[in-house]
Protein chains: 2
Amino acid sequence: MSSGNDRISAEERLIARYFSPLAKHPGAFGLSDDAAVLAPPMGHDLVLTTDGVVAGVHFFPGDPAADVARKVLRMNLSDLAAKGAQPVGFLMSLALPAATKKSWMARFAKGLGEDADHYGCALLGGDTDRTGGPLSIVITAFGAVPHGRIVRRSTAKPGDIIVVTGTIGDAALGVKLRRTKSLAKTWRLTRAMARHLEERYLLPQPRNALAAAVLRYASAAMDVSDGLAGDLAKLCRASVVAAEVDVASVPLSIAARAAIAAKPKLLERVLTGGDDYEIVLALSPARLPAVHAASKKAGVPVTEIGRLRKGRGVRFLRSGNTLDFSRASYSHF
Amino acid sequence: MSSGNDRISAEERLIARYFSPLAKHPGAFGLSDDAAVLAPPMGHDLVLTTDGVVAGVHFFPGDPAADVARKVLRMNLSDLAAKGAQPVGFLMSLALPAATKKSWMARFAKGLGEDADHYGCALLGGDTDRTGGPLSIVITAFGAVPHGRIVRRSTAKPGDIIVVTGTIGDAALGVKLRRTKSLAKTWRLTRAMARHLEERYLLPQPRNALAAAVLRYASAAMDVSDGLAGDLAKLCRASVVAAEVDVASVPLSIAARAAIAAKPKLLERVLTGGDDYEIVLALSPARLPAVHAASKKAGVPVTEIGRLRKGRGVRFLRSGNTLDFSRASYSHF
């Protein structure tokens, strides 16, 4: 029939063209139903997390579409990694301004599909809508952990060593550089250093390769996305422990070191800025060798930065002095 | 400690104040972790759905905050009901303009909590962000169905009877009334009729009370949210069947009947407009008595509107003629 009664809507066409090919999970029904179906693997729980981005808040409107897609998926994958979970799949809700071009959608879907394949996290379903505001994307991701084994924030113990993955503060500096290009000169950065910091903001590197080790060895863990200082404070509050961090041990990239050397005040930005998408773990000291071995195997560096003690509060120590930050973590509010 | 290192962020305060009290599911960890954990009841699958609203697109910016919260949750609950699933919990992602008032948040959280309790669908987690655009809310809801039993769109059979819940088209008329108050006069509506139509737009009545019957008796089902004509066409395409609908049988409210009597052209709007949040079911005729009994018990009216046949396409028949709509369903695109 060619009547309006049976015509496929523009929304259906958009989904069929760009997103159905990504719906490789059998429970997605090829995005042809109201809902998806999912059961965790036998003996496992599902881990659920949701994170969204808004153009102009979490990314620059001109950022490559493929990187925007990857960023929002990776923000969610980072939460799964920090909980020791293996990715299973995700739902996505898109609110698109009327001006969104087909070429943008095609590049967005391509980037999303590449990361979905790479991380083993298939599209399960979603929702697309128009918005009168900026483009925004919400992803809800699902992971699997053995039943009862999700790695919590609240289970760290006095005596545990504090470990972080990767390097801290790059993205917080990168977003400043994106806003004010001339800072690269002020901070005495080479072009490669500036690019490194900007790319760390544009595209997080979630540490899913280390998730199995987090599950096996961490007494507690969380993803570092709102600044190391504030996120570690959350972990300590949840676990009712105190932390002492040796600032000199916090892993920094060459670029971040250079910027701090030029402008020492940036140290606070590095320790309290957001968008790291690293993991902070609390570990019994006996497990440190096993974690270092897993780190080497996964190709994800880990660094000891301090120790948990009885008590409350987080102290960042430098040359015997305690740093006091004007704010502990990034907050949009 | 009173240093910035340990200060609770404004986002944490917002969550703790308004949303942690709603996180009654043990897997939500009181919203104090990166992620939630969920396992379906033994022998069950999880059904996943996501639906969002944007101020100015899906609701009017001045709508009561409690009703906005309920609407977005109920849009998701309607998908669960149509799949035969019992609600389990939900995640919510909020993008808030800077001007959002505390009193708005309090009323929003109150409405959300009341519906979460009423429908047995607890808050599991979420994400809050700032936006430079309109307020927007995305909910991802989880339901449970016995393993392998999710009710699909694609499993209807020739010979099945088509049944819909409630009444059709009220919300599509209600949103027109909201935009142009003077239409109430043109459509010769009493004040009570106009209010009925507007309220059907403001606050959907998802048919979760009928979900167990959908699971037990429907050969296929879907939620009617983008217009009966277009949604039934989707079900028919998925099931590779044709449908004949007797337009005179489509259940209409007294208000919708009055409006159509005054302006016969509104019939198309009623049959193709969105926001019904009813369920369309395909049923073997032998199961009709059981469905009527379940309908009576649940207090959710069901009405036979037509029949599925071999072939393709959906025909809406009135006095022997086939109606041909200019568009079959509501689409934002």
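For the structure, check the block above.
Since the structure is predicted, the reported quantities are computational estimates derived from the model, not experimental observations.

Engineer: What exactly am I supposed to notice about the sheet that holds strand β6 (residues 161-165) of chain A here?
Structural biologist: Whether parallel or antiparallel, the strands of a sheet pair through hydrogen bonds between backbone atoms. All names here are of chain A. Reading across from one edge, β7-β9-β6-β10-β8-β11-β12 is the order of the seven strands in this open sheet, with mixed pairing throughout. Of all the strands in the sheet, just β7 (218-224) and β12 (321-323) have a single pairing partner and so form its edges. Put simply, the sheet's adjacent strands are angled 30° from each other on average, direction ignored. Across four bridges, the pairing between β6 and strand β9 (residues 278-283) is antiparallel. Looking at the pairing, Val 164 lines up with Val 280 of β9. Set on the sheet, helix α8 (residues 228-239) makes contact with β6, β7, β8 (242-246), β9, β10 (302-309) and β11 (314-318); between it and β7 the angle comes to about 145°. Where helix α11 (residues 288-298) meets the sheet, it contacts β6, β9 and β10, and its direction lies at approximately 155° from that of β10.

Engineer: What is the right way to look at the relation of the copies chain A and chain B in this model?
Structural biologist: Mapping one chain copy onto the other needs a rotation about an axis and a shift along that axis. Laying chain A over chain B is done by rotating through 180° and shifting 0.0 Å along the axis; what remains is an RMSD of 0.0 Å. Taken together, the turn and the small shift mark the pair as related by a two-fold rotation axis. Taking the C-alpha atom as reference, chain A places Gly133(A) closest to the rotation axis, 2.2 Å from it.

Engineer: Can you help me understand α8(A) in this one?
Structural biologist: Residue and element names in this part refer to chain A. Spanning twelve residues, α8 covers 16 Å between terminal C-alpha atoms, matching the ideal 16 Å at 1.5 Å per step. Within α8, eleven of the twelve residues are buried, leaving the element largely enclosed by the surrounding structure. Within α8 the residues assigned to the buried category are Leu 228, Ala 229, Gly 230, Asp 231, Leu 232, Ala 233, Lys 234, Leu 235, Cys 236, Arg 237 and Ser 239. Residue Val 240 follows α8 closely and has a positive phi angle near 55°.

Engineer: Explain the sheet that holds strand β12 (residues 321-323) of chain B to me, please; I cannot follow it from the model alone.
Structural biologist: Residues and elements named next belong to chain B. What the seven strands build is an open sheet, ordered β7-β9-β6-β10-β8-β11-β12; its pairing is mixed. Pairing within the sheet leaves two strands with one partner each, and these edge strands are β7 (218-224) and β12. Strand-to-strand twist across the sheet, computed as the mean angle between neighbouring axes with direction ignored, equals 30°. Where strand β6 (residues 161-165) meets strand β10 (residues 302-309), five bridges bridge the pair, whose relative direction is antiparallel. Paired with Ile 161 across the strands is Arg 307, a residue of β10. Against the sheet, helix α2 (residues 65-82) contacts β7 and β9 (278-283), and its axis sits at roughly 170° relative to β7.

Engineer: I would appreciate a short explanation of the interface of chain A and chain B in the present structure.
Structural biologist: How big an interface is tends to be stated in terms of the accessible area lost upon association of its parts. Listed as interface residues are 79 residues of chain A and, on the opposing side, 79 residues of chain B. The residue Asp34(A) makes a salt bridge to Lys83(B) at a minimum N-O spacing of 3.1 Å. On the surface where chain A and chain B come into contact, there are 27 residue pairs in polar contact (both at pLDDT 80 or more). For the side of chain A that touches chain B, the element with the most residues is strand β2 (residues 44-54) of chain A, which contributes nine residues. Its residues assigned to classes, the side of chain A that touches chain B comprises 36 nonpolar, 21 polar and 22 charged. Two strands pair when backbone bridges link them, and strand β1 (residues 36-38) of chain A and strand β2 (residues 44-54) of chain B are joined in this way by three bridges, in the antiparallel orientation. Opposite Leu38(A), over in β2(B), you have Leu46(B) as the bridge partner.

Engineer: Which parts of the structure should I look at to understand the nonpolar core?
Structural biologist: Most often, soluble globular proteins have nonpolar side chains that are buried together. Of all hydrophobic cores here, the largest spans 64 residues; its most connected members are Phe19(B), Phe90(B), Met92(B), Phe108(B), Leu112(B), Ile137(B) and Ile139(B). When residues of this core are assigned to their parent elements, the largest contribution, ten residues, is made by α2(B). With near-sequence residues (within four places) excluded, Met92(B) lies in contact with Thr50(A), Phe19(B), Phe108(B), Leu112(B), Leu123(B), Gly125(B), Gly126(B), Asp127(B), Ile137(B), Val138(B) and Ile139(B).

Engineer: So what exactly am I meant to see when it comes to the packing of aromatic side chains here?
Structural biologist: Remark: the centre distance and the inter-plane angle together describe each pair of aromatic rings, the angle taken between the planes. A complete count under the given rule lists nine aromatic pairs over all chains for this structure. Ring plane angle 85° and centroid distance 6.4 Å describe the contact between Phe19(A) and Phe108(A), whose orientation is recorded as edge-to-face. With Phe19(A) in helix α1 (residues 10-19) and Phe108(A) in helix α3 (residues 102-119), this residue pair connects regions lying 89 residues apart in the sequence. Accessibility classification places Phe19(A) together with Phe108(A) in one group, the buried group. Ring geometry for Trp104(B) against Phe108(B): centres 5.1 Å apart, planes inclined by 20°, an arrangement best described as stacked. Of this pair, Trp104(B) and Phe108(B) both sit in helix α3 (residues 102-119), separated by four residues, roughly a single helical turn. For the pair formed by Trp104(B) and Phe108(B), the shared burial category is buried.

Engineer: Is there a simple way to think about the packing of helix α6 (residues 191-202) of chain B against helix α9 (residues 254-262) of chain B in this case?
Structural biologist: Axis angle and axis distance: for two packed helices, these are the angle between their axes and the distance between the axes, and together they describe the pair. Residues and elements named next belong to chain B. For the pair α6 and α9, interaxial distance at closest approach is 9 Å and the crossing angle is 110°. In terms of axis orientation, α6 runs roughly perpendicular to α9. Across the interface between the two elements, Met 193, His 196 and Leu 197 from α6 touch Ile 254, Ala 255, Ala 256 and Ala 258 from α9. By residue class, the composition of the contact of α6 with α9 is six nonpolar, one polar and no charged.

Conventions and cut-offs
Residues numbered from 1 in each chain as written. Chains lettered and ligands numbered in written order. Predicted model: local features only at pLDDT ≥ 70, side-chain atom pairs only at ≥ 80, totals over all residues. Heavy atoms only, no water. Pairing = 2+ DSSP bridges. Helix = DSSP H or I, 4+ residues; strand = E, 2+ residues; numbered from the N terminus. Axes fitted to C-alpha atoms, helices over the stretch in contact; angles between N-to-C directions. Contact = heavy atoms within 4.5 Å. Least-squares fit on C-alpha atoms with pLDDT ≥ 70 in both. Expected span 1.5 Å × (residues − 1). Buried < 20%, exposed > 50% of the residue type's maximum accessible area, 1.4 Å probe, protein only. Salt bridge = Lys/Arg side-chain N within 4 Å of Asp/Glu carboxyl O. Polar contact = N/O pair within 3.5 Å; in protein donor to acceptor, adjacent residues only side chain to side chain. Nonpolar A, V, L, I, M, F, W, Y, C, P; charged D, E, K, R; others polar. Core = buried A, V, L, I, M, F, W, Y, C linked by side-chain atoms within 4.5 Å. Phe/Tyr/Trp six-rings, centres within 6.5 Å; stacked < 30°, edge-to-face > 60°. Parallel < 35°, antiparallel > 145°, perpendicular 65-115°, else oblique.

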